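Understanding the architecture of this molecule
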Amino acid sequence: QVQLVESGGGLVQAGGSLRLSCAASGSIFSANAMGWYREAPGKQRELVAHVTRGGMTNYGDSVKGRFTMSRDNAGNTVYLQMNSLKPEDTAVYYCYADFTLARHWGQGTQVTVST
């Protein structure tokens, strides 16, 4: 059973940066894909980033050019580097890992961007 734990969220001013981490307790080498979603109050859940095992990455339109998803060499932690943050990026950010039979989710980390 894979468990995902996000960290790195917090309060930042508009224009600032944050790096979120998603650490897996089990191996995620066999994951077909990993990514990040976000949820803001009153808004629809939004895909932020998605990367396949083959390395193909897809970003949500609202974060393209500002956010970058990466993975550490050991492969058990993925990151979301968020630059040029805007107030509309305020949300709870969740990482996920897709396996053949199930999608595993982290508990989420709050990101708040102030004006």
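Now for a look at the structure at hand.

Definitions and limits used
Residues numbered from 1 in each chain as written. Predicted model: local features only at pLDDT ≥ 70, side-chain atom pairs only at ≥ 80, totals over all residues. Heavy atoms only, no water. Pairing = 2+ DSSP bridges. Helix = DSSP H or I, 4+ residues; strand = E, 2+ residues; numbered from the N terminus. Axes fitted to C-alpha atoms, helices over the stretch in contact; angles between N-to-C directions. Buried < 20%, exposed > 50% of the residue type's maximum accessible area, 1.4 Å probe, protein only. Phe/Tyr/Trp six-rings, centres within 6.5 Å; stacked < 30°, edge-to-face > 60°. Lys NZ or Arg CZ within 6 Å of the ring centre and 35° of its normal.

Some words on the sheet that holds strand β1 (residues 4–7)
Spatially, the 4 strands line up as an open sheet ordered β1-β3-β8-β7, and their pairing is antiparallel. Of all the strands in the sheet, just β1 and β7 (67–71) have a single pairing partner and so form its edges. The mean angle between the axes of side-by-side strands here comes to 15°, regardless of whether they run parallel or antiparallel. Pairing of β1 with strand β3 (residues 18–24) involves 4 bridges; the strand directions are antiparallel. Residue Glu-6 lies in a different strand from β3, and its bridge partner there is Cys-22.

Digging into the pairing of strand β4 (residues 33–39)
Across the 7 residues that make up β4, a large majority, 6, are buried. Direction of pairing for β4 relative to strand β5 (residues 46–52): antiparallel, over a ladder of 6 bridges. Residue pairing for β5: Tyr-37 is matched across the bridge by Leu-47. The antiparallel hairpin formed by β4 and β5 contains 6 residues in its connecting segment, where Gly-42 sits at a positive phi of about 75°.

Looking at the packing of aromatic side chains
Enumeration according to the criterion identifies 3 aromatic pairs in this entry. Seen from their ring centres, Tyr-37 and Tyr-96 are 5.5 Å apart, and the 45° between their planes marks the pair as tilted. One end of the pair, Tyr-37, is in strand β4; the other, Tyr-96, is in strand β9 (residues 91–98), and 59 residues separate them in sequence. Assigned by exposure class, Tyr-37 and Tyr-96 land together as buried. Consider the rings of Tyr-37 and Trp-105, whose centres lie 5.8 Å apart with planes at 50°: the pair is tilted. Of this pair, Tyr-37 sits in strand β4 while Trp-105 is found in strand β10 (residues 103–105), placing the two residues 68 residues apart along the sequence. Residue Tyr-37 is classed as buried on the basis of its relative accessible area of 16%. Three or more aromatic residues link up through ring pairs in this structure, and these residues are Tyr-37, Tyr-96 and Trp-105. A cation sits over an aromatic face here: Arg-19 above Tyr-79, 4.1 Å from the ring centre. Over the face of the ring belonging to Tyr-37 we find Arg-45, whose NZ or CZ atom lies 4.5 Å from the ring centre.

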